[in-house]
Amino acid sequence: MSIPTVLKALSSAGTAMKEFGAWKARARGDERVLIAELKDNLHYLDLVAEDGVPLREVIDKLSVTEYKKLANRGFNFDSIKKKPIENYSSLAGTDLAPWPGKRTGELIESIYDKINELKIKFPYVEKNRNYRWGTRVNNIRKRIWLLLRHVRG
């Protein structure tokens with residue numbers, strides 16, 4: 001898996017979890033619930049990507065519940081970080097290259113869209129190799145790392 005330099009430090013589970021803790025310490029109210037859900041989701045995705053746990057074992061544990069609650073209540077995800085995503089030079093030429101300049105809410109929506117898509121499709125087409133489940137898991141992880149880097153900056 002190719003990880004942009006700006007995200008390399010966050011690719012270790014311990015560092016990412018520390019970043020979640022720091023973010024949660026700064027957050028208030030509804031944002032804290034979202035952070036907890038994202039953190040749990042990253043734990044499960046890390047089990048698949050790093051520890052070889054089959055996706056079928058964790059798919060039902062991945063959650064979009066809190067995100068959907070907040071979205072239905074009209075929560076402004078851009079309020080988490082008002083500035084757009086920075087143009088980190090190491091994102092150029094990667095699958096994250098389109099993200100600089102986009103809003104925080106767009107990134108969060110994308111993360112949850114990808115998780116929801118996994119939860120919907122995987123049980124029905126688990127054996128279909130066209131879906132490259134490992135790649136999909138890693139793409140979600142990289143977006144979560146980008147979000148962590150963005151809210152830290």
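Remember, predicted model here, so these are calculated numbers, not experimental data. (Residues numbered from 1 in each chain as written. Predicted model: local features only at pLDDT ≥ 70, side-chain atom pairs only at ≥ 80, totals over all residues. Heavy atoms only, no water.)

Would you mind going over helix α6 (residues 104-125) in detail, with residue names and values included?
When the terminal C-alpha atoms of α6 are compared, their 31 Å separation across 22 residues agrees well with the 32 Å that a helix rising 1.5 Å per residue should span. Bending of α6 peaks at approximately 25° at the position of lysine 119, with proline proline 123 no more than four residues after it. Looking only at α6, the buried set comprises Thr104, Gly105, Leu107, Ile108, Ser110, Ile111, Tyr112, Ile115, Leu118 and Phe122. Here the buried face of α6 lies against α3 (30-51), α4 (55-58), α5 (65-72) and α7 (133-152). (Helix = DSSP H or I, 4+ residues; strand = E, 2+ residues; numbered from the N terminus. Expected span 1.5 Å × (residues − 1). Bend = angle between axes of the 7 residues up to and from the residue. Buried < 20%, exposed > 50% of the residue type's maximum accessible area, 1.4 Å probe, protein only. Contact = heavy atoms within 4.5 Å.)

Go over the packing of α3 against α6 with me, naming the residues and quoting the values.
With their axes 12 Å apart at the nearest point, α3 and α6 run at an angle of 50° to one another. Here α3 is positioned oblique relative to α6, judged by the angle of their axes. Here α3 and α6 pass one another in a crossing that is left-handed. The segment α3 lies against α6, with Leu34, Glu37, Leu38, Asn41 and Leu45 engaging Ile108, Ile111, Tyr112, Ile115 and Leu118. Of the residues that constitute the contact of α3 with α6, the class distribution is 8 nonpolar, 1 polar and 1 charged. (Axes fitted to C-alpha atoms, helices over the stretch in contact; angles between N-to-C directions. Parallel < 35°, antiparallel > 145°, perpendicular 65-115°, else oblique. Left-handed = near helix turned anticlockwise from the far one by under 90°. Nonpolar A, V, L, I, M, F, W, Y, C, P; charged D, E, K, R; others polar.)

I'd like a rundown of the pattern of salt bridges, residues and numbers included.
Enumeration according to the criterion identifies 11 salt bridges in this entry. With a shortest N-O distance of 3.0 Å, glutamate 117 and lysine 121 are connected by a salt bridge. Taken together, the positions of glutamate 117 and lysine 121, both in helix α6 and 4 residues apart, correspond to about one turn of that helix. Taking the relative accessible area as the measure of exposure, lysine 121 reaches 30% and is therefore partly exposed. (Salt bridge = Lys/Arg side-chain N within 4 Å of Asp/Glu carboxyl O.)

Give a description of unusual backbone geometry that names residues and reports values.
The residue arginine 132 is not glycine, and still its phi comes out positive at about 40°. Looking at the secondary structure, you find arginine 132 in the loop between α6 and α7.

An account of the packing of aromatic side chains is requested, with residue identities and associated values reported.
This model, assessed by the stated rule, comprises 6 aromatic pairs. Look at tyrosine 131 and tryptophan 133: their rings are 5.0 Å apart centre to centre, the planes differ by 10°, and that puts the pair in the stacked class. The ring of tryptophan 99 carries lysine 102 above its face, with NZ or CZ at 4.9 Å from the centroid. (Phe/Tyr/Trp six-rings, centres within 6.5 Å; stacked < 30°, edge-to-face > 60°. Lys NZ or Arg CZ within 6 Å of the ring centre and 35° of its normal.)

Go over α3 with me, naming the residues and quoting the values.
Its 22 residues give α3 an end-to-end C-alpha distance of 31 Å, which sits within 8% of 32 Å, the value for a rise of 1.5 Å per residue. Residues of α3 that are buried include every one of Glu31, Leu34, Ile35, Glu37, Leu38, Asn41, Leu42, Leu45, Asp46 and Val48, and no others. Looking one or two residues beyond α3, the residue adopting positive phi is glycine 52, at roughly 75°.

The values reported here are purely geometric and, on their own, carry no functional implication.
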